[in-house]
Amino acid sequence: VAALGRVARVTALCRALRRCEDEGDEPGWAPAREEAEAVLQELREVVRPLREPGYGEALRRKAERARKRRLRLQRRKHEARAAKEEEAARAAEREAKIDQWRAKCIQEVEEKNRERELKAAADSVLSEVRKKQADTKRMMDVLRGLEKLRKLRKEAAARKGVCPPPSADEAFENQVESLKTLLKTRTELYEAEERALRVMLEGEQEEERKREMEKKQKKEREKLLQQKLEMDSKLFGDPAEFPLGHLLQPFRDYYLQAEHSVAALIQIRHEWDQYLVPADHPEGSCIPPGWVLPSLPTNDTWATAVR
């Protein structure tokens with residue numbers, strides 16, 4: 001920058017000298033010439049390092065360092081932006097899981113509230129039916145008491161020589177029989193209503209037990225699936241981080257071929273069945289029910305090979 005400024009100054013002074021020469025201005029020639037020589041001397045001092053042997057290489061290294069610094073800053077900026085985007089994605093995933101968990105909890109609470117309300121309503125109706133049954137039974141007891149009371153009064157009147165007419169006995173018996181028939185009909189109706197309510201309650205309880213069993217089975221399936229994924233990850237690596245054309249891809253395809261081919265499954269099962277022996281056989285052991293996981297490394301060298 002300093003050299004360019006001095007070159008521009010020398011160029012301006014040269015134009016001024018030509019103009020003085022063309023106009024014949026000798027008094028102005030000498031100062032302009034002295035100033036031009038001074039500027040030329042400054043320019044020589046400025047450009048002198050450029051003529052040194054190692055200056056170009058030093059300048060190149062300086063430019064390379066500046067370029068690397070710019071690249072490093074750009075990379076850090078890109079990494080910071082990528083980390084921020086990744087953190088935002090993780091936060092969004094966490095929020096989605098929280099929302100899903102909250103919706104599930106709300107649904108479970110609503111289902112329990114509906115079941116509680118239904119059970120309370122059924123219990124209330126059942127309690128009303130039982131109250132009606134108790135009232136009917138009490139009325140039957142009252143009728144039997146009336147019959148016993150009339151019999152006692154009739155016997156007492158007979159001892160005194162007073163006998164009621166047969167029409168009165170017939171009217172009393174007809175009235176009592178009519179009431180007994182009505183109470184019997186109501187009792188049968190209330191018993192049928194109670195049985196229906198009990199069947200409904202048992203059905204709701206059976207549905208609840210079925211839902212609980214399904215939830216339990218679902219949790220067991222998820223647990224078994226998670227265990228299988230963990231075993232596969234330990235044996236064959238994480239599938240999400242397993243690139244195509246990996247060195248272990250042929251081995252992975254070989255050991256998992258039974259999951260994609262029925263013929264391979266039959267062949268592998270046939271080979272395994274040849275070695276089936278009882279658990280107490282002296283020359284062998286039974287087939288393990290699942291994958292045999294490798295033991296942990298016992299030294300640092302083995303650990304580096306596993307990693």
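So, how was this worked out
Per-chain numbering applies: the sequence of each chain, read as written, is numbered from 1 onward. With pLDDT at 70 or above as the cut-off, local features in this predicted model cover only qualifying residues; side-chain atom pairs require 80 or more to be listed or tallied, and sums for whole chains, interfaces and linings still use all residues. Computation of side-chain values covers all heavy atoms of the structure but excludes hydrogens and water. Helix and strand definitions here come from DSSP, where helices need a minimum of 4 consecutive H or I residues and strands a minimum of 2 consecutive E residues; each element is numbered from the N-terminal end. Note on exposure labels: buried denotes an accessible area under 20% of the residue type's maximum, exposed denotes more than 50%, and partly exposed covers the range between, all computed with a 1.4 Å probe on protein chains only. The contact criterion used is simple: two residues touch if any of their non-hydrogen atoms lie within 4.5 Å. Each patch is built from residues lacking any salt bridge and having more than 30% relative accessible area; the joining distance is 9 Å for like charges and 5 Å for nonpolar side chains (Val, Leu, Ile, Met, Phe, Trp, Tyr). Method for areas: the Shrake-Rupley scheme with a 1.4 Å probe, in which residue coverage is limited to the protein chains shown. The term salt bridge refers to a side-chain nitrogen of Lys or Arg lying within 4 Å of a carboxyl oxygen of Asp or Glu. Neither His nor the chain ends contribute to the count of charged residues, in which Lys and Arg are positive and Asp and Glu negative. For this purpose, a charge sits on NZ of Lys, CZ of Arg, CG of Asp or CD of Glu. We call two N or O atoms a polar contact when they sit within 3.5 Å, provided that within protein one can donate a hydrogen and the other can accept it, with sequence-adjacent residues counted only if both atoms are side-chain atoms. A 1.4 Å probe that fits into a set of points on a 1 Å grid over the protein atoms alone but cannot get out defines a cavity; an open set with protein on both sides within 12 Å along at least five of seven lines defines a pocket, and lining residues are those with an atom within 4 Å of a point. Grid points are joined across faces, edges and corners, and a volume is the space filled by probe spheres set on the points. The residue classification treats Ala, Val, Leu, Ile, Met, Phe, Trp, Tyr, Cys and Pro as nonpolar and Asp, Glu, Lys and Arg as charged. All others, Gly included, are polar.

Participant: How do you make sense of the overall build of the protein when you look at a structure like this?
Facilitator: The helix and strand tally for the protein stands at 7 helices and 0 strands. In the protein, the succession of α and β elements from N to C terminus is α-α-α-α-α-α-α. Scored against the burial criterion, the 307 residues of the protein give a buried share of 10%. Counting only contacts in the protein whose residues sit at least 6 apart along the sequence, the fraction spanning at least 24 positions is 59%.

Participant: In this structure, what is going on with a positive patch on the surface? I would like to understand it.
Facilitator: The grouping of Lys 104, Lys 112, Arg 116, Lys 215, Lys 218, Lys 219 and Arg 221 at the surface amounts to a positive patch. Tallying contributions element by element places helix α4 (residues 166-236) first for the positive patch, with 4 residues. Among the structural elements, Lys 219 can be located in helix α4. Taking relative accessible area as the criterion, Lys 219 reaches 58% and is therefore assigned exposed.

Participant: Could you clarify how one ought to interpret the pattern of salt bridges in this entry?
Facilitator: Opposite charge on two side chains permits pairing when their charged atoms draw close. Evaluated as defined, the whole model comprises 9 salt bridges. Residues Glu 86 and Arg 90 are paired through a salt bridge, measuring 2.9 Å at the closest nitrogen-oxygen approach. Of the two residues, Glu 86 and Arg 90 are both situated in helix α3 (residues 55-159); the distance of 4 residues between them amounts to about one turn of the helix. For Glu 86, a relative accessible area of 48% puts it in the partly exposed group.

Participant: Quick question: what am I supposed to make of the environment of Asp 99 here?
Facilitator: Take Asp 99: it is sitting in helix α3. In this structure Asp 99 comes out as partly exposed when scored by relative accessible area, which is 38%. A distance of 2.9 Å separates polar atoms of two side chains, one belonging to Asp 99 and the other to Arg 102.

Participant: Sorry if this is basic, but what is going on with the layout of surface pockets here?
Facilitator: Over the atoms, a rolled probe matching the size of one water molecule traces out where space is still vacant. Reported here for the second largest pocket is a volume of approximately 420 Å³. Looking at the second largest pocket, the residues that line it are Lys 104, Gln 107, Glu 108, Glu 111, Arg 211, Glu 212, Glu 214, Lys 215, Lys 216, Lys 218, Lys 219 and Glu 222. Mapped onto the lining of the second largest pocket, the elements with two or more residues apiece are α3 and α4. Counting residues per element, the lining of the second largest pocket draws most heavily on α4, which supplies 8 residues. Split into classes, the residues belonging to the lining of the second largest pocket amount to no nonpolar, 1 polar and 11 charged.

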